[in-house]
Amino acid sequence: MQPSPAPAPAPTPSSGSGPNPRQSTPRSAPRPPLSSERGGSRARAQTGRQGGARPGSATRRIQRILRRPASNPRTASRAADYYPEQPAANTVRIVPLGGLEEVGRNMVAVEVGATGDILVFDAGFQFVSEEASPGVDYILPNTKYLEKNASRVKGVIITHGHLDHIGGIPFTLPRFGNPPIYTQRLTSVMIQRRQEEYPDVPKPEIIEVETGQSITIGSTKVKFFPVTHSIPDSMGASVETPQGNVIISGDLRLEHDGTTPSESEHKVWGELGKDHNIFMVADSTNAERDGFSIPEARVVATLDDIIKNVSGRLIIGAFASQFERMIKIMEAAERYGKKIVLEGRSIKTNLDIAEKTGLLKVPKEAFIPATEIGNYPPDKILILATGSQGEEFAALMRISTGQHKSIALTDRDTVVLSSSVIPGNEISIQRLKDNLYRHGVALIHYRSSDVHSSGHGNTGELVWINQQVHPTFFMPGYGYRSMTTCHARAVEQSGFPRENIVLADNGQVIDIIDGKEMHVHKQKVPSSPLVVDGFTIGDMQEVVIRDRQSLAKDGMFVIIASVNTKTGKLRKSPDIISRGFVYLRESQPLLNEARILIKKSIEDSTRGMNPIDLDYVKNNLTDAMAGFLFSRTNKAPMVIPVLIGM
């Protein structure tokens, strides 16, 4: 998604509190960035094996220990978690637990006071930036509030099959009772396929539903409606309560011609607007772009024309989750007599799912393995590959760097990147494009041709949807703060009352009383991200993340010294290990000075001490070495002294 100018300046809707005196949502202080520095002698570093004197056995043991992430038990105590009482019978409560301060880890809870039921919408994860959270596999929504109220959670409704909506299911649902999942057929198959990767996790009960259907979950009636997105079987839901309906949109855009929504869109949203809708949560992912998005039909027509007319071999990089587009590409290839080569595990997995659900009807003879490419003329080959975001080990990147076993690029090839740039991937995509151009290929991407359309609506579409539904209260959802703010401003400029818009954060508790009054709690339920870190699932330990970032920036400097516990003297010259700081073999003058300082610091600290307190000595040594190393190198490695009393 490419940023574009925001709508014309307008007063920003308050973050929960505004002109409406009934609202009360002071913004909490922002969490300190993970890259913030710690004081004292700790500092930042980059890991890396470097040369030096061969360490002894004690040193090797320490090296093994140091491969574990460092942590600091002296963490600040946290304020008590907030768990509000069950809402009254005349109240409906909305609690976003993820997806409102990021793109990903989507989860929203809706509580119906009249029945006591809690319904959860989506359970996604967020892919991790290695710079921001080194070593972390996935970031999840915080489920402590649901765990506290697990007996009232009656079901989880999954709006569609993208990982930012289903990826957290194996990790989060068992934490609050593994309630049944309600979703459509394709999403159900995708969830089941993903569960196969976690055989030790209890399998959830999945109940397949259809759009247009109304069912009762617990004691609450829920109606499902179809939405247009970049994956089939996408849906929204309307939760019926005695005070009115709560609309959860899921991710969506509109089918449209120019700026005119299609007849089917008019029908779906028009029918929904006939209900008494008191609250709406709507997708904001593309709300920084004005007007209407490029229709998918135009993208399909452009790709069809490219597939038909390209004279050489054609390679198309696309999101594996773009089922409909992938199917259209395959159908066009088969129609024009081209053989299809699939490269990338996720594309092959989703092809199996498309076949299983009846979405794909291309005959198997149209597909060939990459090893058979040489048996056909170049203009009869279409390669569909993963990796359009420049992922290091994805098929397209391996092809571009000449590391693919069967596919070697030539200047007669045409490469199409049928995707936009996901924020944060700009550098990796630029690297991919540079690699491709080194082979002299013809490169087509979304900036040069209509080969990609977002699955998320621009503000013109979002405002139209809001006007059709005309809810009493509105919360922009699914996106960074910049996105939800642009969405809120666009809706306000269309005439929606400013005081009825809430710009919420994760963990915000929003009560709708009698369908007419909105109250936003001053406190938030637990909302700090949960992380999957190896085999561990839990709170993001900021001190651990900071230590990892420290090791990724300035390295570490380990001192291993044997101290005579009777005299306080060193028994031998200390061993020194440097990882990511300096190359020991080329830094002998620095090491010689360091050894002199180590000896002086230890012996000065132990002079007259009986018994010897090694912890006190280590603290003094750490401070002395940190200052010395910074003065000599202008770098602040993590200094780790290991003193062995003998």
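If you're wondering where the values come from, they're calculated on a predicted model, not measured in any experiment.

Q: Just checking my understanding: could you explain the overall build of the protein chain for this structure?
A: Scanning the protein chain for helices and strands turns up 16 helices and 28 strands. For the protein chain, the residues scored as buried account for 57% of the 646 residues in total. A separation threshold of at least 6 residues defines the contact pool for the protein chain, and within that pool the share at least 24 residues apart is 74%. Summed over its atoms, the accessible surface of the protein chain is roughly 28,200 Å², and 49% of this surface lies on carbon and sulfur atoms.

Q: Can you help me understand the packing of aromatic side chains in this one?
A: For any pair of aromatic rings, the description rests on two quantities: the centre-to-centre distance and the angle between the ring planes. As enumerated under the stated definition, the model contains six aromatic pairs in all. With a centroid separation of 4.2 Å and 5° between ring planes, the pair formed by F125 and Y138 is classed as stacked. Here F125 is found in the loop between β3 (117-121) and β4 (126-127), whereas its partner Y138 is found in strand β5 (residues 138-140), with 13 residues between them in sequence. Seen in terms of ring centroids, F557 and F581 are 5.8 Å apart; in terms of plane orientation they differ by 90°. Their pairing is edge-to-face. Of this pair, F557 sits in strand β26 (residues 556-563) while F581 sits in the loop between β27 (575-579) and α15 (588-606); the two residues are 24 residues apart in sequence, bridging distant segments of the chain. Residue class for F557 comes out buried when judged on its relative accessible area of 0%. Ring-pair connections join several aromatic residues into one group, and the members of that group are F125, Y138, F171 and Y198. The ring of Y83 has K148 lying over it, and the distance from NZ or CZ to the ring centre is 5.1 Å. A cation over an aromatic ring shows up here: R335 above the ring of Y336, its NZ or CZ 5.3 Å from the ring centre.

Q: Help me out: how do you make sense of the pairing of strand β6 (residues 153-157) in this one?
A: Along any regular strand the residues' side chains alternate between the sheet's two faces. A large share of β6 lies buried, amounting to four of its five residues. Sheet topology places β3 next to β6; four bridges connect them, and they run parallel. Residue pairing for β6: L119 is matched across the bridge by G155. Looking at chain direction, β6 and strand β7 (residues 181-183) are connected through two bridges and run parallel. Residue pairing in the sheet places V156 in a bridge with I181 of β7.

Q: Mind showing me how you'd approach helix α16 (residues 614-633) here?
A: Structural remark: α-helix, 3.6 residues per turn; residues separated by three or four positions point the same way. Under the 1.5 Å per step criterion, the end-to-end length of α16 is 28 Å for 20 residues, consistent within 8% with the ideal 28 Å. Here α16 has its buried residues at V617, L621, T622, M625, A626, F628 and L629. Two or three places before D615, at the opening of α16, D613 has a side-chain oxygen 3.1 Å from that residue's backbone nitrogen. Immediately downstream of α16, the backbone of N634 shows phi near 60°, a positive value.

Q: Would you mind showing me how to read unusual backbone geometry here?
A: For residues that are not glycine, phi is negative in most cases, and the peptide bond is trans in most cases. Residue P611 is bonded to the preceding N610 through a cis peptide linkage, with omega at 0°. In this structure, P611 sits in the loop between α15 and α16. Positive phi values are uncommon outside glycine, yet R105 reaches one of about 40°. What makes R105 buried here is its relative accessible area of 1%.

Q: Would you mind showing me how to read the environment of E331 here?
A: Along the polypeptide, E331 turns up in helix α8 (residues 323-335). Placed 35 residues apart in sequence, E331 and A366 show a C-alpha to C-alpha distance of 9.5 Å.

Q: Would you mind showing me how to read the sheet that holds strand β28 (residues 638-645) here?
A: Strand-to-strand pairing in sheets goes through backbone hydrogen bonds, with the strands running parallel or antiparallel. Across the sheet, which stays open at both edges, the three strands sit in the order β27-β26-β28 with mixed pairing between neighbours. Bordering the open sheet on either side are β27 and β28, each of which pairs with just one other strand. Neighbour to neighbour, the strand axes of the sheet diverge by 15° on average, direction disregarded. Note: β26 against β27, five bridges, orientation antiparallel. By the bridge assignment for β27, F557 is matched with S578.

Q: Explain the sheet that holds strand β12 (residues 244-248) here, please?
A: Strand order in this open sheet of six strands is β9-β10-β11-β12-β15-β21, and the pairing throughout is mixed. Each end of this open sheet is capped by a strand with a single partner; those strands are β9 (214-217) and β21 (473-477). Geometrically, the sheet is characterised by an average inter-axis angle of 20° between neighbouring strands, direction not taken into account. Pairing geometry for β12 and strand β15 (residues 277-283), over four bridges, is parallel. Pairing of V246 across the sheet is with F279, part of β15. This element, helix α12 (residues 459-469), spans β12, β15 and β21 of the sheet and lies at about 165° to β15. Taken strand by strand, helix α13 (residues 481-493) contacts β15 and β21, and its axis lies near 145° from that of β21.

Q: Looking at this model, I keep getting lost on the side chain of T386. Mind explaining?
A: Structurally, T386 is set in the loop between β18 (381-385) and α10 (395-400). What makes T386 buried here is its relative accessible area of 10%. In contact with T386, other than residues within four places in its own chain, are A318, A320, E343, G344, S346, I347, A394, A395 and L396.

Q: I keep staring at the nonpolar core and nothing clicks. Help me out?
A: In globular proteins that are soluble, nonpolar side chains generally tend to be buried together. If you look at the biggest cluster of nonpolar residues, it comprises 57 residues, and the most contacted ones within it are L146, M330, F367 and L384. When residues of this core are assigned to their parent elements, the largest contribution, seven residues, is made by α8. Once residues within four sequence positions are removed from consideration, F367 is found in contact with M330, I340, L342, L351, L360 and V362. One finds A237, V502, A504 and I510 within the second-largest nonpolar core, a separate group that totals 32 residues.

Q: Help me understand the environment of I465, please; the structure alone is not making it clear to me.
A: Structurally, the position occupied by I465 is in helix α12. Between the alpha carbons of I465 and E265 there is a distance of 9.2 Å; along the sequence they are 200 residues apart. The contact partners of I465, leaving out residues within four places of it in the chain, are L252, L254, W269 and M280.

About the thresholds
Residues numbered from 1 in each chain as written. Predicted model: local features only at pLDDT ≥ 70, side-chain atom pairs only at ≥ 80, totals over all residues. Heavy atoms only, no water. Helix = DSSP H or I, 4+ residues; strand = E, 2+ residues; numbered from the N terminus. Buried < 20%, exposed > 50% of the residue type's maximum accessible area, 1.4 Å probe, protein only. Contact = heavy atoms within 4.5 Å. Areas by Shrake-Rupley, 256 points an atom, 1.4 Å probe, with all protein chains shown as cover. Phe/Tyr/Trp six-rings, centres within 6.5 Å; stacked < 30°, edge-to-face > 60°. Lys NZ or Arg CZ within 6 Å of the ring centre and 35° of its normal. Pairing = 2+ DSSP bridges. Expected span 1.5 Å × (residues − 1). Polar contact = N/O pair within 3.5 Å; in protein donor to acceptor, adjacent residues only side chain to side chain. Axes fitted to C-alpha atoms, helices over the stretch in contact; angles between N-to-C directions. Core = buried A, V, L, I, M, F, W, Y, C linked by side-chain atoms within 4.5 Å.

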